[in-house]
Amino acid sequence: GEADTFDVANLDALDTKEFVFKQRIPREFFALNADGTGWRRAFDVKEFPSLGSPVVSPDGKRIAFDGHRAKGDLGGQTMLISDLSGGQLKIVGPGMMPNWNKEGTELTFSHDGIQIVNIESQQIRKIGTGWGGQWSPDGKRILSYEGSNIVAYEVASGDKTVLYDASTGGFQRL
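All values reported here derive from a predicted model rather than from experimental measurement.

Asks: Hey, could you run me through the sheet that holds strand 10 (residues 124-128) in this one?
Replies: By definition, the strands of a sheet pair up through backbone hydrogen bonds, in either a parallel or an antiparallel sense. Pairing within the open sheet is antiparallel, and its 4 strands lie in the order 7-8-9-10. Because the sheet does not close on itself, it has two edges, and the strands there are strand 7 (96-100) and strand 10. Direction aside, the axes of adjacent strands within the sheet are offset by 25° on average.

Asks: Looking at this model, I keep getting lost on the side chain of Gln77. Mind explaining?
Replies: Here Gln77 is to be found in the loop between strand 4 (62-68) and strand 5 (78-83). Gln77 sits in the buried class, given a relative accessible area of 9%. Reaching out from Gln77, the side chain makes a polar contact with the backbone nitrogen of His68 at a distance of 3.4 Å.

Asks: What exactly am I supposed to notice about unusual backbone geometry here?
Replies: Apart from glycine, the bulk of residues carry a negative phi angle, and the bulk of peptide bonds sit in the trans form. Although it is not a glycine, Ser53 adopts a positive phi angle of roughly 50°. Tracing the backbone shows Ser53 in strand 3 (residues 50-56). Phi is positive for Met97, close to 60°, though the residue is something other than glycine. Within the secondary structure, Met97 is located in strand 7. By relative accessible area, Met97 is classed as partly exposed at 25%.

Asks: I'm lost on the pairing of strand 12 (residues 141-146) in this one. Help?
Replies: Taken residue by residue, a regular strand's side chains alternate between the two faces of the sheet. The side-chain alternation of strand 12 yields one buried face, formed by Ile142, Ser144 and Glu146, and one unburied face, formed by Arg141, Leu143 and Tyr145. As judged from the 3 bridges shared by strand 11 (residues 131-135) and strand 12, these two strands associate in the antiparallel manner. Following the sheet pairing, Gln134 is matched in strand 12 by Leu143. Counting the residues in the hairpin turn of strand 11 and strand 12 gives 5 residues, including Gly139, whose phi is positive at 75°. As paired elements, strand 12 and strand 13 (residues 149-154) share 6 bridges and run antiparallel to each other. Residue pairing across strands places Glu146 opposite Asn149, the latter belonging to strand 13. Connecting strand 12 to the antiparallel partner strand 13 that follows it, the hairpin turn spans 2 residues, and Gly147 within it adopts a positive phi of roughly 70°.

Conventions adopted
- Residues numbered from 1 in each chain as written.
- Predicted model: local features only at pLDDT ≥ 70, side-chain atom pairs only at ≥ 80, totals over all residues.
- Heavy atoms only, no water.
- Pairing = 2+ DSSP bridges.
- Helix = DSSP H or I, 4+ residues; strand = E, 2+ residues; numbered from the N terminus.
- Axes fitted to C-alpha atoms, helices over the stretch in contact; angles between N-to-C directions.
- Buried < 20%, exposed > 50% of the residue type's maximum accessible area, 1.4 Å probe, protein only.
- Polar contact = N/O pair within 3.5 Å; in protein donor to acceptor, adjacent residues only side chain to side chain.

Below you can see the structure in the form of structure tokens.
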């Protein structure tokens, strides 16, 4: 009935005139158990009202994520690292969508292409023009999107292999 639905006008759609929606800006991280129980607040970062792309380090002690300052564009994303409670916060630099290598010593990230940063030295190198880089399990390649294609970059050489060419719909095998 009408009492248990937001669609009071029965339009099969939500209408902001029917129900007042309140937007909540994601200013904090939450954690929960693997089975979905134990929902709890983990931490926030006041300087970055929007947090995203969290990824836990391989040793389970740190979290890398991106932060977005209020009233900025996506080009203003900043990568950060902290312990799991939000302590020991470290700004890594500009970028978004971080992903740890298997040793937890480097992150690949998107910022003007695919880049890698060494956490200790802060040395950065660009390896490609794509976005959304993910390390391969063996740590030898980084896969990413490049336009509508999926590509793999060899970390050691920077060589690129197109794994999926959207123009032909064909897959390649490594």
